[in-house]
Structure formats: structure tokens, C-alpha cells
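Next come the chains, spelled out residue by residue.
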Amino acid sequence: MVLCIKLLFGPATALFLSAVILLSCFTNLVPYLSYYKSPAPGYLSPEHVPKCDIYQGEWMPEPSLPDYTNETCSYIQDHQNCMFYGRPDLEFLKWRWKPDGCDLPRFDPHKFLQVVSNKTLAFVGDSLARNHYQSLLCLLSKVALPKDLTEPGKPHEKNKIMYYEGYNFTIYILWSPFLIRAEEMADKPGVFRLYLDEPDAWLLSLPRFDYLLLSAANWFTRQAYFYERGQLVGGLYVPLNITTNLTTNFYPHRMAFRTSLRALNGLGFRGKVIVRTLSPMSHFEGGPYNAGGDCKRQRPYFANETVELNDLEQGFYREQVEEFNEAAARGVDMVLMDPTAAMLKRPDGHPSRYGHWPDEKRSMYNDCIHWCLPGPIDAWNDMLLHIL
């Protein structure tokens, strides 16, 4: 087996992949995936709470922002290029996240590149992970531009490798919207098979990474069948011919984080794992995304205004924090990056209809999920530099 893998992937990856296969075959990761009774939701154990809680605060006016525009950064995707598509109100760009009782320094591209020199950072997740990655490229573009080392068409058009030669710093963006292994059904487009106890292919690249930033949430609202140990155990918005109570969004979402984080612990990852909590999905007003819902607000919520996550978001957030707490106690260096409360206060920061031309047909015409670039998501890189 090792010889065959060695021929396909090379000696280093062969050893790692063989270990993963053996672990999966003989244990199915059961020791790492057994049911765990989680601690009380919403709280971090004291050893993981930073001295400055950068995640509680408010948005303060900052006239000097933004740090880049669509004319100075070429890494902005069309559907987040709000300035290019004519968004008329630009005051939403001039707000900075200010933690309560302490300061969060603005992103310094020189300092960041010094910190990550001779290192590799990987973003693993969905289009919000890509949104974050592109914000980072834009902020760094004031100082340095990367080389694109991606092999065209392999292994996925949404995977990229960017290399900063002068700093020997590499960034990976790896598409894995469920974090675990998933297959879209050929005969049912938009319906997925989720293998809840099997990590996705990103795990094969693990030896290359010094920093691994994991995130997920949005795709767990899609139609899916759930599998464990190769057997159908439940599903979401699909017909089932078995008796099961595993028919909600929450179980597959929790298991995706549990499987991924316990696999990292089980394989003894030696880098730093950063688990990012969810980006709000509930900024649509006047209806859902497919029935005229939109996000037209032009300023953040202020400190005296009450705004809360919806029930789905609260459940996802609680699960992410609980699974992080459980995994962080097992040895691998893990830290929680928690921008959820900050982003909940920014309904003004989405593209809405300014991610395409007015006459274009889109499945989500008004985008209240992703973030304009430049925009509030740039604060995630203030947080990232603080963590690193």
C-alpha cells in the first residue's frame, strides 16, 4: 500500500496518508469521535481566554479607512466588489472594531509578514473562508504581491496556493464547506452525502502547515444524507427510508467540527489551529434570500441597540465553542477566533445587490452573507495578527 501511495504522492505524503488510512480502517477514528458531554455553552476555559478580550466591543468611526480599494487590489471577486458595482454609500467603510477596555491595533502588513516569515497558513472552509483570505491578500498588497503556485485545475478550482517569495510565506485556501468528506449526488444536484466520521481531503496536506484556520456553518442548511461508519443514519430536507431522529442541521454541524478537531489531535498536529466562529446569516430583512430579503442598512448597530443571533445561529455558535473547548483540552495548540458578535453588528457590510449588474440573474440576488471588500471583514485580519 505504502509503495503505491509513494508513487502517486511522494514519500512524505505517503507516510502521512498511510497513517490516516490505517487509523481510519482499524479504528474508524472511534476513540476520537465518541460522544462527548459538552461544557456549558458560550464560555471559554480560563487558559484560552486572552488577556484582552478583543471580541467584545463596538464599531467606532475611523475616517482613515479603508486601507485599500478595488483599484489597488486585484484579488477581489466580483460578487464582493461593491465599489466596482456602484454601491453609492461608502460610509460603511469608515468603521473600526474597538474592544471594550483595551485596544486592537490595526493590521500592519509589515509586522504580519515578519511574524509569518518562513511559515505556511491554510484557510479551510467555504466561501466565507475565501472572503477572509482575499481580504488578507488585499491588506498585504500594500507591501508585497504573491506568486500564484496553483496548478491549473488541480485539485479544485477553488483551491489556491499563494507564495510571498521575499518572506518565504505561503498561503493555502482549501475548499471544504463541510470540513468533512462530502459528495454531491450526481442524480440530485444540490443534495449531498455527508460522511460525518471522515475528515475531508485537506487533512492530507496537514504536514505542510504551520497555521490552520478552520471555519464552517453556512452549508449545513443544505439538503443532505448523513452517514456514519458507512451507514445511512439521518438526513436534512430529504426523504428517508429509515427510522431516525437525526434530521436537523445541528447534528451534522457538530460532528463536522468534532471529527475535524479530534482528527487533528489524534494525528498530533504540531502547528497552531485557529477555529473561527460563524459569520451571521440572519441579516436578510423583509424576507429570506430567495424571496426578496435584503440588507440595506448603512451603518453598524450601536452599543445601545439590541441585536441577537437567530436560533439556528445560536445553535451553531454554541456547538462550535463546545467542540473547540473539548478539543483544545487534548494537547494540540488551538485558539478560538470569535468575530461573531462583532459581525452581527454589521448588517451594512454586505454586498446586497452590489455584487453584480442589475440585469444579471443570480440565485441570491441580494447577498447578505458575504462581505464587501474592502469592508468589515478586514477586521478579521486585525484579530488574526493579534492571535499570531
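As the structure is a prediction and not an experimental result, all values here were calculated from the model. Counting from 1, residues in each chain are numbered in the order their sequence is written. Under the rules for a predicted model, residues below a pLDDT of 70 receive no local features and side-chain atom pairs below 80 are neither given nor counted, while totals for whole chains, interfaces and linings still include all residues. The side-chain quantities take in all heavy atoms of the structure and omit both hydrogens and water.

Caption draft 1: How the structure looks around the overall build of the chain. On a plain count of helices and strands, the chain comes out with nine helices and 13 strands. Burial statistics for the chain: of 388 residues in total, 53% are counted as buried. Pairs at least 24 apart in sequence give 74% of the contacts found in the chain among residues at least 6 apart. Of the roughly 17900 Å² of accessible surface on the chain, a fraction of 53% belongs to carbon and sulfur atoms. Helix and strand labels come from DSSP, where a helix needs a run of H or I of at least four residues and a strand needs a run of E of at least two; each type is numbered from the N terminus. Summary of the burial criterion: residues with accessible area below 20% of their type's maximum are buried, those above 50% are exposed, and those between are partly exposed, where the area comes from a 1.4 Å probe applied to protein chains only. Note on contacts: a residue pair is in contact if any heavy atoms of the two residues lie within 4.5 Å. To be clear on the numbers: accessible area is Shrake-Rupley with a 1.4 Å probe, and residue cover counts the displayed protein chains and nothing else.

Caption draft 2: Molecular detail of the state of the cysteines. Disulfides are defined as pairs of cysteine sulfur atoms found within 2.5 Å of each other. Taken as a whole, this structure holds three disulfides when the rule is applied. Linked covalently through their sulfurs, Cys 73 and Cys 138 form a disulfide whose S-S length is 2.0 Å. Residues Cys 73 and Cys 138 are joined by a disulfide whose S-S torsion is about -75°; by sign, that bridge is left-handed. One end of the pair, Cys 73, is in the loop between strand 1 (57-61) and strand 2 (95-99); the other, Cys 138, is in helix 5 (residues 127-140), with 65 residues separating them in the sequence. Using a relative accessible area of 4% as the deciding quantity, one classes Cys 73 as buried. For Cys 138, a relative accessible area of 0% gives the class buried. Here Cys 82 engages in a disulfide with Cys 372; their sulfurs sit 2.0 Å apart. With the S-S bond torsion at -90°, the cross-link from Cys 82 to Cys 372 turns out left-handed. Note that Cys 82 is positioned in the loop between strand 1 and strand 2 and Cys 372 in the loop between helix 8 (340-344) and helix 9 (379-387), a separation of 290 residues in sequence. Pair check on accessibility: Cys 82 and Cys 372 agree, each one buried.

Caption draft 3: Structural view of helix 7 (residues 311-328). A helix's residues, less one, multiplied by 1.5 Å, set its expected span. Its 18 residues give helix 7 an end-to-end C-alpha distance of 26 Å, which sits within 8% of 26 Å, the value for a rise of 1.5 Å per residue. Most of helix 7 sits out of view: 14 of its 18 residues are buried. Where helix 7 starts, the residue carrying a side-chain oxygen 3.2 Å from the main-chain nitrogen of Leu 312 turns out to be Asn 310. Counting of polar contacts relies on pairs of N or O atoms within 3.5 Å, with two restrictions inside protein: one atom must be capable of donating a hydrogen and the other of accepting it, and residues adjacent in sequence are counted only when both atoms are side-chain atoms.

Caption draft 4: The environment of Glu 157, seen in detail. Looking at the secondary structure, you find Glu 157 in the loop between strand 4 (147-148) and strand 5 (160-164). For Glu 157, a relative accessible area of 68% puts it in the exposed group. Residues Glu 157 and Leu 174 lie 17 residues apart in sequence; the distance between their C-alpha atoms is 9.8 Å.

Caption draft 5: Region of the structure containing helix 5. Taking 1.5 Å per residue, 14 residues should reach 20 Å; helix 5 reaches 20 Å between its end C-alpha atoms and fits that length. Of all 14 residues making up helix 5, 14 are buried, and the element is well covered by its neighbours. One side-chain oxygen at the N-terminal end of helix 5 lies 2.9 Å from the backbone nitrogen of Leu 128; it belongs to Asp 126.

Caption draft 6: Representation of the packing of aromatic side chains within the structure. Only the six-membered ring of Trp is used, alongside the rings of Phe and Tyr, when aromatic pairs are assigned; centres must lie within 6.5 Å, and planes under 30 degrees apart are stacked while those over 60 apart are edge-to-face, with the rest tilted. All chains considered together, the criterion is met by 18 aromatic pairs. Consider the rings of Phe 84 and Trp 357, whose centres lie 5.6 Å apart with planes at 55°: the pair is tilted. In this pair, Phe 84 sits in the loop between strand 1 and strand 2 while Trp 357 sits in the loop between helix 8 and helix 9, placing the two residues 273 residues apart along the sequence. Exposure remark for Phe 84: the relative accessible area of 42% places this residue in the partly exposed category.

Caption draft 7: Region of interest: the pattern of salt bridges. By salt bridge we mean one thing: a side-chain nitrogen of Lys or Arg within 4 Å of a carboxyl oxygen of Asp or Glu. Summed over all chains, the structure comprises 18 salt bridges. Here Arg 254 ties to Glu 322 by a salt bridge, and the two come within 2.6 Å at their closest N and O atoms. A residue pair is termed long-range when its members are at least 10 positions apart, and Arg 254 in helix 6 (residues 250-266) and Glu 322 in helix 7 qualify at 68 residues. Accessibility classification places Arg 254 together with Glu 322 in one group, the buried group. When salt bridges with common partners are traced through the structure, they connect Arg 254, Arg 258, Glu 319, Glu 322 and Glu 323 into a single cluster.

Caption draft 8: How the structure looks around the sheet that holds strand 8 (residues 192-199). At least two DSSP bridges between two strands are needed for those strands to be called paired. Read from one edge of the open sheet, four strands run 7-8-10-11, paired in mixed fashion. Only two strands of the sheet have a single neighbouring strand rather than two, namely strand 7 (180-184) and strand 11 (231-236). With strand direction ignored, the average angle separating the axes of adjacent strands in the sheet is 25°. Bridge analysis of strand 8 against strand 10 (residues 224-228) gives four bridges, and the strand direction is parallel. Only the stretch in contact is used when fitting a helix axis, every axis being a line fitted to C-alpha atoms; angles between N-to-C directions are given from 0 to 180 degrees.

Caption draft 9: Just the sheet that holds strand 4, in detail. Pairing is mixed across the open sheet formed by seven strands, whose spatial order is 4-5-6-3-9-12-13. Edge strands, defined here as strands with exactly one partner in the open sheet, are strand 4 and strand 13 (333-337). Against the sheet, helix 6 engages strand 9 (211-214), strand 12 (272-276) and strand 13, with an angle of about 170° to strand 12. Sitting on the sheet, helix 7 is in contact with strand 12 and strand 13, with an inclination near 160° to strand 13.

Caption draft 10: Seen up close, the packing of helix 6 against helix 7. Running from N to C, helix 6 and helix 7 cross one another at 20°; their axes reach a closest spacing of 9 Å. Relative to helix 7, helix 6 is oriented roughly parallel. In this structure, helix 6 meets helix 7 at a crossing whose hand is right-handed. Within the contact between the two elements, helix 6 uses Phe 250, Tyr 251, His 253, Arg 254, Phe 257, Arg 258, Leu 261, Arg 262 and Asn 265 and helix 7 uses Asp 311, Leu 312, Gly 315, Phe 316, Glu 319, Gln 320, Glu 322, Glu 323, Phe 324, Glu 326 and Ala 327. The nonpolar class holds Ala, Val, Leu, Ile, Met, Phe, Trp, Tyr, Cys and Pro. Asp, Glu, Lys and Arg form the charged class, and all remaining residues, Gly among them, are polar. Taken together, the residues of the contact of helix 6 with helix 7 break down into eight nonpolar, four polar and eight charged. The cut-offs work like this: below 35 degrees is roughly parallel, past 145 is roughly antiparallel, 65 to 115 is roughly perpendicular, and the gaps in between are oblique. By convention the crossing between two helices is left-handed if the near helix lies anticlockwise of the far one by an angle smaller than a right angle, and right-handed if it lies clockwise.

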